[in-house]
Amino acid sequence: MPGPVRVTTPLLDVLEVFIKTLLAGDEDLHGWAIMKAVRRSGPTVYGVLDRLEDMGWITGRWEEHAEPGKPRRRLYRLTPAGETGARELLAERRPEALKPSVEQARPVWHPFPRGAGAT
Amino acid sequence: MTALLAVALSLVANEIFAVSPWCAAKLVRWAASRRYADPDRAKIRAEEWTALVDRQPGNLVKLATAAGFVGSAVAHTALNAIERRLIRVVEASRREHAQVPPAHEGPDLPVLMLRGDPDQAILAVDGSHRVEAIRRLHDEL
């Protein structure tokens, strides 16, 4: 599978959003959410999405439950190859993007810690 | 007279605002058809951008968003035309000097200059670089 031919700042921005979304436990993102997250224009973001789709790094699907009377949105997620590639690329170019944020690093309280009930 | 004009202008403005979401939807569909040569992708993006514009707050923002997509589509179309023209020039230059291998396969500029006409060799390499520069510009747009 071909890797990214040209690594641009918008490409890194979009990949960072995908990886952070993945780290936060979500997978799917629509174009408007990406635009808001990277603070870039629609044409720039969709140019990057075109390239990532061509590379096989993301896959798109239509949302199943669109709001009544509204056009459907398209949701994107990283493919396994895309996740690997994005992590490698960000580790090389933006290592700080792969570090968990303060919220993600905070330990989550669980009523039954793993292994507590084991005999 | 002035009052009548003001009323007429406000009516026209209201009409324009009323049809602006419809215009925005038409504009993004046109932009998608211009930007993408692949009809399947153009269809997907047209529907997707329509949804995106539809969810923008306010009619002016809808129109501005649509205008952004139109501007980008026009820029891409212009770049495509320049790229095609440059490729034609580069290919013609290479045909004239059959012994000169394509720049991406063969040796670099000094060797090309030794094998063929220096001016044509420079044109071929320079043209290739320009094509590459235009492709980079596509990604940045």
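Residues numbered from 1 in each chain as written. Chains lettered and ligands numbered in written order. Predicted model: local features only at pLDDT ≥ 70, side-chain atom pairs only at ≥ 80, totals over all residues. Heavy atoms only, no water.

## Things to note about the environment of Ala6 of chain B
Residues and elements named next belong to chain B. When you line up the elements, Ala6 lands in helix α1 (residues 2–35). Judged by relative accessible area, which is 46%, Ala6 ranks as partly exposed. Note: C-alpha distance between Ala6 and Gly58 (52 residues apart in sequence) is 23 Å. (Helix = DSSP H or I, 4+ residues; strand = E, 2+ residues; numbered from the N terminus. Buried < 20%, exposed > 50% of the residue type's maximum accessible area, 1.4 Å probe, protein only.)

## A look at the confidence of the model for chain A
Looking at chain A as a whole, the pLDDT averages 82, with 79% of positions reaching at least 70. Note that pLDDT drops below 50 for residues 115–119 of chain A; the model gives that stretch zero contacts with residues more than four away or on any other chain. (pLDDT = per-residue confidence, 0-100. Contact = heavy atoms within 4.5 Å.)

## Some remarks on the side chain of Glu53 of chain A
On the secondary structure map, Glu53 of chain A appears in helix α3 (residues 42–55). In this structure the side chain of Glu53 of chain A is engaged in a polar contact, spanning 3.1 Å, whose partner is the side chain of Arg45 of chain B. Ignoring sequence-local partners within four residues, the contact set of Glu53 of chain A consists of Ile58, Gly60, Arg74 and Tyr76 of chain A together with Arg41 and Arg45 of chain B. (Polar contact = N/O pair within 3.5 Å; in protein donor to acceptor, adjacent residues only side chain to side chain.)

## Things to note about the nonpolar core
Among the nonpolar cores identified, the biggest contains 39 residues, and Leu15, Phe18, Tyr46, Leu49 and Leu52 of chain A are the most heavily contacted of them. Listed by contribution, the elements that provide at least two residues to this core are α1 (9–23), α2 (31–38), α3, β3 (74–78) and α4 (80–93) of chain A together with α1, α2 (39–54) and α3 (59–96) of chain B. At seven residues, α1 of chain A tops the list of elements feeding residues into this core. Once you skip the residues sitting within four places of it in the chain, Leu52 of chain A turns out to touch Leu11, Val14, Leu15, Phe18, Trp57 and Ile58 of chain A. (Core = buried A, V, L, I, M, F, W, Y, C linked by side-chain atoms within 4.5 Å.)

## Some points on empty space enclosed by the protein
In total, this model carries one cavity of 30 Å³ or more according to the counting rule given. When its volume is computed, the largest cavity comes out at roughly 80 Å³. Considering the residues around the largest cavity, the lining is formed by His30, Gly31, Trp32, Tyr46, Arg73 and Arg74 of chain A together with Glu48, Ala51, Leu52, Arg55 and Gln56 of chain B. Contributions of two or more residues to the lining of the largest cavity are made by α2 of chain A together with α2 of chain B. (1 Å grid on protein atoms, 1.4 Å probe; cavity = no way out; pocket = protein on both sides within 12 Å on 5 of 7 lines; lining within 4 Å. Points joined across faces, edges and corners; volume = space filled by probe spheres on them.)

## Considerations on the pairing of β3 of chain A
All names here are of chain A. With four of five residues buried, β3 is to be regarded as a mostly interior element. When strand β1 (residues 29–30) meets β3, the two strands line up antiparallel, connected through two bridges. Its bridge partner being in β3, His30 is matched across the sheet by Leu75. Here five bridges tie strand β2 (residues 58–62) to β3, and the two strands are oriented antiparallel to one another. Within β3, the position partnered with Gly60 by the bridge is Tyr76. (Pairing = 2+ DSSP bridges.)

## Comments concerning the interface of chain B and chain A
Taken together, the contacts link 23 residues of chain B with 25 residues of chain A. Here chain B and chain A share an interface that buries about 2,100 Å² over both sides, 49% of which is from carbon and sulfur atoms. The interface formed by chain B and chain A includes nine salt bridges. Of the charged contacts, one joins Arg41 of chain B and Asp54 of chain A as a salt bridge, the two residues approaching to 2.9 Å between their closest N and O atoms. Here the element with the most residues in the side of chain B that touches chain A is α2 of chain B; it accounts for ten residues. (Buried area = accessible area lost by both parts, 1.4 Å probe. Salt bridge = Lys/Arg side-chain N within 4 Å of Asp/Glu carboxyl O.)

## Observations concerning the pattern of salt bridges
If the charged atoms of two oppositely charged side chains come close together, the side chains can form a pair. Residue and element names in this part refer to chain A. Counted according to the given criterion, the structure contains 19 salt bridges over all chains. Here Arg40 makes a salt bridge to Asp13, at a shortest N to O gap of 2.8 Å. With a gap of 27 residues between them, Arg40 in the loop between α2 and α3 and Asp13 in helix α1 connect regions that are remote in the sequence. For the salt bridge of Glu16 with Lys20, the shortest nitrogen-to-oxygen distance reads 2.9 Å. Remark: Lys20 and Glu16 occur in helix α1; sequence separation between them is four residues, near one turn of the helix. Under the relative-accessibility criterion, Glu16 is labelled buried at 16%. Classification of Lys20 by relative accessible area gives partly exposed; the value is 39%.

## Things to note about the packing of α1 of chain A against α2 of chain A
Residue and element names in this part refer to chain A. α2 packs onto α1 with a crossing angle of 110 degrees between their chain directions and a minimal axis gap of 10 Å. If you check the angle between α1 and α2, you find them roughly perpendicular. Crossing of α1 against α2: the hand is right-handed. For the pair formed by α1 and α2, the contact residues are Asp13, Val14, Val17 and Phe18 on the first element and Ile34, Ala37 and Val38 on the second. Looking at the contact of α1 with α2 residue by residue, the classes come out as six nonpolar, no polar and one charged. (Axes fitted to C-alpha atoms, helices over the stretch in contact; angles between N-to-C directions. Parallel < 35°, antiparallel > 145°, perpendicular 65-115°, else oblique. Left-handed = near helix turned anticlockwise from the far one by under 90°. Nonpolar A, V, L, I, M, F, W, Y, C, P; charged D, E, K, R; others polar.)

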